[in-house]
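Now for the letters of each chain:
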Amino acid sequence: MTLPGIIGIHHVGVSVPDLAMARHFYLDILGAVEDVEPLHWAENPFIDEIVGLEGSAAEQFFCRLGNVQIEVFEYSAPKQKQPLDRQRGVNEYGYTHIALQVEDLSAVHARIVAAGLPVHAAPNLATITTGPDGSRHGYAGTYCRDFFGNVFEILEIHETPAIRPIA
């Protein structure tokens, strides 16, 4: 029995130092679709209160990857206190990655590699088998990073008791 109130995850927010580069990553490399107008703000006490920052200024865009929406921000104020650690380990506290289910792991992996982005390990496609009737079984995936060091997992999932695909 589930508690009432939560329908599902609406979006994941990511802060980046270069919005144009992020747009290239999400739209051109991953194939996301931008389906609402971008937003920008400065000197807006209402937004400052919501985000918990004084004197915030930012540009943002929303994009959709299948059933997941990503909200991407570039803040011009206030400036980030610590330099970006592009090698931050996934063992560090906080959100560590977003996992994206893909139709063709090899094709998505190839686009990521062609863009010069880091991939932790090449996907092991031997874990996906094809039955005599053409049905596919198993899953494979790997972690990669965007231009800023944010970690993404890409997964190809077929019939398997080990993990459930998204609908």
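Note: the structure precedes this text.
Once a new chain begins, its residue numbering starts again from 1 and follows that chain's sequence as written. Totals for whole chains, interfaces and linings use all residues, but because this is a predicted model, local features are given only for residues with pLDDT of at least 70 and pairs of side-chain atoms are given and counted only at 80 or more. Just so you know, side-chain values use all the structure's heavy atoms and leave hydrogens and water out.

A. Inspection of the environment of V14 at higher detail. Assignment of secondary structure puts V14 in strand β1 (residues 12–15). Type-normalised accessible area, obtained with a 1.4 Å probe on protein chains alone, sets the label of each residue: buried when under 20%, exposed when over 50%, and partly exposed for intermediate values. Accessibility expressed as a relative area gives 9% for V14, which makes it buried. As for V14 and F73, which are separated by 59 residues in sequence, their C-alpha atoms are 6.2 Å apart. Contacts are residue-level and defined by heavy atoms, with any inter-residue pair within 4.5 Å sufficient. In this structure V14 touches Y26, I70, E71, V72, F73 and N150, once residues within four positions along its chain are discounted. Secondary structure elements follow DSSP: runs of H or I no shorter than four residues count as helices, runs of E no shorter than two count as strands, and numbering proceeds from the N terminus.

B. Spatial organisation of the environment of I157. Relative to the assigned elements, I157 resides in strand β8 (residues 151–157). Along the primary structure I157 and V102 are separated by 55 residues, whereas in three dimensions their C-alpha atoms are 7.9 Å apart. Filtering out sequence-adjacent residues up to four positions away, I157 remains in contact with Q101, G138, Y139, I163, R164 and P165.

C. Quick peek at the side chain of D146. Position of D146 among the secondary structure elements: in the loop between β7 (136–145) and β8. A residue counts as positive if it is Lys or Arg and as negative if it is Asp or Glu; His and the chain ends are not included. Salt bridges are counted wherever a side-chain nitrogen of Lys or Arg sits within 4 Å of a carboxyl oxygen of Asp or Glu. Although buried, D146 forms no salt bridge, and the nearest oppositely charged side chain, R86, lies 6.8 Å from it. At 2.8 Å, the side chain of D146 and the backbone nitrogen of F148 are in polar contact. Looking at D146, its side chain comes within polar contact range of the main-chain nitrogen of G149, at 3.0 Å. If we ignore the near neighbours within four places in the chain, the residues touching D146 are F25, Y26, L117, P118 and F152. We call two N or O atoms a polar contact when they sit within 3.5 Å, provided that within protein one can donate a hydrogen and the other can accept it, with sequence-adjacent residues counted only if both atoms are side-chain atoms.

D. Highlighting a nonpolar patch on the surface. Distance thresholds for patches are 9 Å for like charges and 5 Å for nonpolar side chains (Val, Leu, Ile, Met, Phe, Trp, Tyr), applied to residues having over 30% relative accessible area and no salt bridge. All accessible areas in this document rest on Shrake-Rupley with a 1.4 Å probe, and a residue is counted as covered only by the protein chains that are shown. A cluster of nonpolar side chains, F46, I50 and V51, forms an exposed patch at the surface whose accessible area comes to about 320 Å². Along the polypeptide, F46 turns up in helix α2 (residues 45–51). Its relative accessible area of 59% is what places F46 among the exposed residues.

E. Spatial organisation of the pattern of salt bridges. Taken as a whole and assessed by the stated rule, the structure comprises three salt bridges. The salt bridge partner of R64 is D35, with a shortest N-O separation of 3.2 Å. Residue R64 is located in strand β3 (residues 57–65), and its partner D35 is located in the loop between α1 (19–29) and β2 (39–42); the two are separated by 29 residues in the primary sequence. Taking the relative accessible area as the measure of exposure, D35 reaches 38% and is therefore partly exposed.

F. Molecular detail of the sheet that holds strand β5 (residues 98–101). Any two strands with at least two DSSP-identified bridges between them are counted as paired. Strands sit in the order β5-β8-β7-β6 across an open sheet of four strands; the sheet is mixed. Across the chains shown, the open sheet's two edge strands, defined by having one partner strand only, are β5 and β6 (128–130). The average angle at which neighbouring strand axes cross in this sheet is 25°, direction not considered. For helices, the fitted line uses only the C-alpha atoms of the stretch in contact; every axis is such a line through C-alpha atoms, and the angle between N-to-C directions lies from 0 to 180 degrees. Helix-sheet contacts for helix α3 (residues 105–114) involve β7 and β8, and the interaxial angle to β8 is about 155°.

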